[in-house]
Structure formats: C-alpha cells, structure tokens
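# Residue-level structural notes
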Amino acid sequence: QQQVKQSPQSLIVQKGGIPIINCAYENTAFDYFPWYQQFPGKGPALLIAIRPDVSEKKEGRFTISFNKSAKQFSLHIMDSQPGDSATYFCAASKNSGYSTLTFGKGTMLLVSP
Amino acid sequence: DVKVTQSSRYLVKRTGEKVFLECVQDMDHENMFWYRQDPGLGLRLIYFSYDVKMKEKGDIPEGYSVSREKKERFSLILESASTNQTSMYLCASTRTGMSNQPQHFGDGTRLSIL
C-alpha cells in the first residue's frame with residue numbers, strides 16, 4: 001500500500017513558469033513533510049519541509065502548501081530556472097527518534113530555457 | 001557539512017555472489033539507512049539502524065542484511081545476489097532528536113547483477 005502518492009511523474013515547463021508537484025498521504029500519524037531534490041549522479045538533498053500546524057512555508061523560490069483536512073501537500077517553484085531541472089521527492093514521517101521517511105515515487109522536472 | 005560516503009559508485013557482480021556495500025558518515029549520527037532507488041518506484045527503505053549493532057527492517061528487507069559494528073559505518077549485504085537486485089543503492093544518516101531531523105544522503109552505488 002503506497003502511503004504517499006506523488007504526481008505528476010514528469011513535468012516540463014518553460015523558464016519562468018511555476019511547476020507544481022502534488023502529494024497525498026493516508027496515515028494521519030505523519031507530522032513532518034519534507035521535499036528532497038535530486039540531481040543526476042547525486043543523492044537526494046533536503047530542499048524544504050513543513051509541519052501540519054502551518055498551511056504554507058516559503059524558502060526563496062520554493063513554497064510548500066499544506067492542506068491538513070485533505071491530507072495533501074504540494075511544492076511550487078516560482079520563476080523556475082533550468083538549474084531547477086531535477087527529480088523531486090515528497091516524503092512523510094512520524095515524529096520518532098528514528099526519523100524514518102516514506103517517500104513518494106518522484107517527479108522528474110525539466111525546465112526548458 | 002555532513003558527509004556520507006559510499007565506497008563504490010559503480011559495482012558489477014554475478015548472481016549468487018555475496019555483495020557488500022559500505023557507507024561511512026562523519027557527523028556522529030545515530031541513525032543510518034539503506035534505500036534502493038528504482039525508476040518509477042522512488043526510494044524504498046531496506047533497513048535502518050539506530051545504534052551500533054542495532055537494526056530494524058524497512059519496507060523491503062528480503063534478500064538483504066546489514067551490519068553496524070561502528071557508529072560511523074553501516075554495511076548492506078546481499079547474501080546471494082540476484083538480477084532483481086540490480087538497482088541504485090543510497091545510504092543516509094541523521095541525528096536522533098525530539099523532532100525530525102533531515103536525512104543526509106550519499107551519492108549512491110549503482111549495482112548491476114549479471
């Protein structure tokens with residue numbers, strides 16, 4: 001049973017566009033929702049994260065929107081650049097000392113010049 | 001800066017071989033993780049460890065084992081490699097804390113089983 005569903009699988013936008021990646025979760029015990037960015041040949045790196053007590057978090061051009069009642073969260077990239085081309089993973093975890101994460105299947109983003 | 005180092009970037013082995021993948025972190029993190037990454041399937045947790053000699057199964061532990069003899073080192077073992085274990089393997093580490101800590105990943109080992 002997939003606990004974090006991510007869409008779309010791939011996305012192509014033009015430079016300056018606003019790609020949006022969506023995730024939905026089922027387990028109401030999740031209380032931490034990070035996004036990871038992965039470039040080819042590299043491991044994923046934490047991009048931005050949110051807890052369910054806020055509806056939005058912004059860091060630079062990256063924004064997470066969170067809808068607790070719908071159990072959905074999304075990543076928006078403002079003024080996207082070719083350097084943002086990467087694979088993006090949403091994830092979720094329960095608050096525990098182990099910090100285990102359940103990942104979505106990933107979205108491959110291409111920002112064309 | 002946290003550094004997670006995986007000993008090999010690419011590895012080619014034969015079916016039936018015993019395969020060791022090594023991971024070392026330099027930030028004294030308590031928790032370490034092994035994932036496999038496959039196209040369209042995302043990252044799936046194989047095993048994790050929260051202390052020396054301690055281990056817990058993840059979502060797909062079958063065919064794998066792990067070893068953590070020192071805090072900084074976490075090994076993934078394929079007891080008898082099979083072709084369906086051809087994949088990208090990622091190691092990660094994180095600190096134990098009251099709130100969730102970011103996982104720091106290595107750059108992966110691409111393993112091919114022939």
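Above: the structure in question.
Per chain, residue numbering runs from 1 following the sequence as it is written. Chain A is the first chain written and ligand 1 is the first ligand written, with later ones labelled in order. pLDDT decides what is reported in this predicted model: residues at 70 or higher carry local features, side-chain atom pairs at 80 or more are listed and counted, and totals for whole chains, interfaces and linings draw on all residues regardless. To get the side-chain values, all heavy atoms of the structure are used, and hydrogens and water are removed first.

This paragraph deals with the overall build of chain B. Numbering of helices and strands starts at the N terminus; helices are DSSP runs of H or I of at least 4 residues and strands are runs of E of at least 2. Per the secondary structure count, chain B includes zero helices and eleven strands. Starting at the N terminus and walking to the C terminus, you meet the elements of chain B as β-β-β-β-β-β-β-β-β-β-β. For 114 residues, the compact-globule formula gives about 13 Å, and the C-alpha radius of gyration of chain B, at 13 Å, lands near that figure. Exposure is judged per residue with a 1.4 Å probe applied to protein chains only, and the accessible area is read against the type maximum: over 50% gives exposed, under 20% gives buried, and values in between give partly exposed. Expressed as a percentage of the 114 residues in chain B, the buried residues total 46%. Considering only residue pairs separated by 6 or more positions, chain B has 55% of its internal contacts joining residues 24 or more positions apart. Note on areas: Shrake-Rupley with a 1.4 Å probe; residue coverage comes only from the protein chains shown. Counting every atom, chain B has about 5,600 Å² of accessible surface; 49% of that belongs to carbon and sulfur. When charges are counted, Lys and Arg contribute as positive and Asp and Glu as negative, whereas His and the chain ends are disregarded. In plain terms, the charge of a residue is placed at NZ if it is Lys, CZ if Arg, CG if Asp and CD if Glu. Of the charged side chains in chain B, 16 are positive and 15 negative; the average position of the first set lies 4 Å away from that of the second. Throughout, radius of gyration means the C-alpha value; the globule benchmark is 2.2 Å times the number of residues raised to the power 0.38. Should any heavy atoms of two residues lie within 4.5 Å, those residues are counted as being in contact.

Attention now moves to the environment of B:Glu72. Residue and element names in this part refer to chain B. Here Glu72 shows up in the loop between strand S7 (64-70) and strand S8 (73-78). The class of Glu72 is partly exposed, set by a relative accessible area of 33%. With 30 residues separating them along the chain, Glu72 and Gly42 place their C-alpha atoms 26 Å apart. Excluding anything up to four places from it in sequence, Glu72 contacts Cys23, Val24, Gln25 and Met32.

Turning our attention to the state of the cysteines. Residues and elements named next belong to chain B. When two cysteine sulfur atoms lie within 2.5 Å, the pair is treated as a disulfide. Here the structure, examined in full by the defined rule, presents two disulfides over all chains. Residue pairing for Cys23: its cysteine sulfur links by disulfide to Cys91, the two sulfurs lying 1.9 Å apart. The sign of the S-S torsion, about -80°, decides the handedness of the disulfide formed by Cys23 and Cys91: left-handed. Taken together, the positions of Cys23 in strand S3 (residues 19-25) and Cys91 in strand S9 (residues 87-94) put the pair 68 residues apart, joining distant regions of the chain. Here Cys23 falls in the buried class, since its relative accessible area comes to 0%.

Attention now moves to the packing of aromatic side chains. Each pair of aromatic rings taken from Phe, Tyr and Trp, with Trp reduced to its six-membered ring, is defined by centres within 6.5 Å and is described as stacked if the planes are under 30 degrees apart, edge-to-face if over 60, and tilted in the remaining cases. Per the stated rule, a full pass over the model turns up 17 aromatic pairs over all chains. When the centroid spacing of 6.3 Å and the interplanar angle of 25° are considered together, the rings of B:Phe33 and B:Tyr35 count as stacked. Accessibility expressed as a relative area gives 0% for B:Phe33, which makes it buried. Ring geometry for B:Tyr35 versus B:Phe105: centroids 5.6 Å apart, planes at 40°, classification tilted. Taken as a pair, B:Tyr35 in strand S4 (residues 31-38) and B:Phe105 in strand S10 (residues 104-105) lie far apart in primary sequence, 70 residues in all. An aromatic cluster is defined as three or more aromatic residues linked by ring pairs; in this entry it consists of A:Tyr36, A:Phe89, A:Phe103, B:Phe33, B:Tyr35, B:Phe48 and B:Phe105.

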